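Survey of secondary and tertiary structure
Residues per chain are reported as follows:
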Amino acid sequence: MGEIKKKRKFDFIAKKNNTMKSLNEVEYFLRNIKKMKNCINIYKIFK
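What you see is a predicted model; the values in this text were computed from it and never measured.

A closer look at the overall build of the chain
The helix and strand tally for the chain stands at 1 helix and 0 strands. Put simply, the chain has 47 residues, and 0% of those count as buried. In the structure as shown, the chain presents an accessible area of about 5,700 Å², 62% of it carried by carbon and sulfur atoms.

If you want it as structure tokens, here you go:
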């Protein structure tokens with residue numbers, strides 16, 4: 001009941017790094033989706 005919550009400092013560098021990592025992961029995922037789509041299309045052509 002008598003606990004005081006400490007206010008955390010806003011860490012801009014950590015937020016920036018986390019954002020960059022997330023964007024890289026999304027970009028990697030989207031590139032892999034495009035590659036898989038191309039492979040599926042090639043498979044359909046040769047089938």
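Description of a nonpolar patch on the surface
Judged by side-chain polarity, Val-26, Phe-29, Leu-30 and Ile-33 come together as a nonpolar surface patch covering roughly 380 Å² of accessible area. By the element assignment, Val-26 lies in helix 1 (residues 12-46). Among the residues examined, Val-26 registers a relative accessible area of 48% and is labelled partly exposed.

Here's the deal with the pattern of salt bridges
With the rule as written, the count across this model stands at 1 salt bridge. Of the charged contacts, one joins Glu-27 and Arg-31 as a salt bridge, the two residues approaching to 3.4 Å between their closest N and O atoms. Separated by 4 residues within a single helix, Glu-27 and Arg-31 lie in helix 1, roughly one turn from each other. Residue Glu-27 is classed as partly exposed on the basis of its relative accessible area, which comes to 42%.

Rules used throughout
- Residues numbered from 1 in each chain as written.
- Predicted model: local features only at pLDDT ≥ 70, side-chain atom pairs only at ≥ 80, totals over all residues.
- Heavy atoms only, no water.
- Helix = DSSP H or I, 4+ residues; strand = E, 2+ residues; numbered from the N terminus.
- Buried < 20%, exposed > 50% of the residue type's maximum accessible area, 1.4 Å probe, protein only.
- Areas by Shrake-Rupley, 256 points an atom, 1.4 Å probe, with all protein chains shown as cover.
- Patch = residues over 30% accessible without salt bridge, like charges linked within 9 Å, V, L, I, M, F, W, Y side chains within 5 Å.
- Salt bridge = Lys/Arg side-chain N within 4 Å of Asp/Glu carboxyl O.

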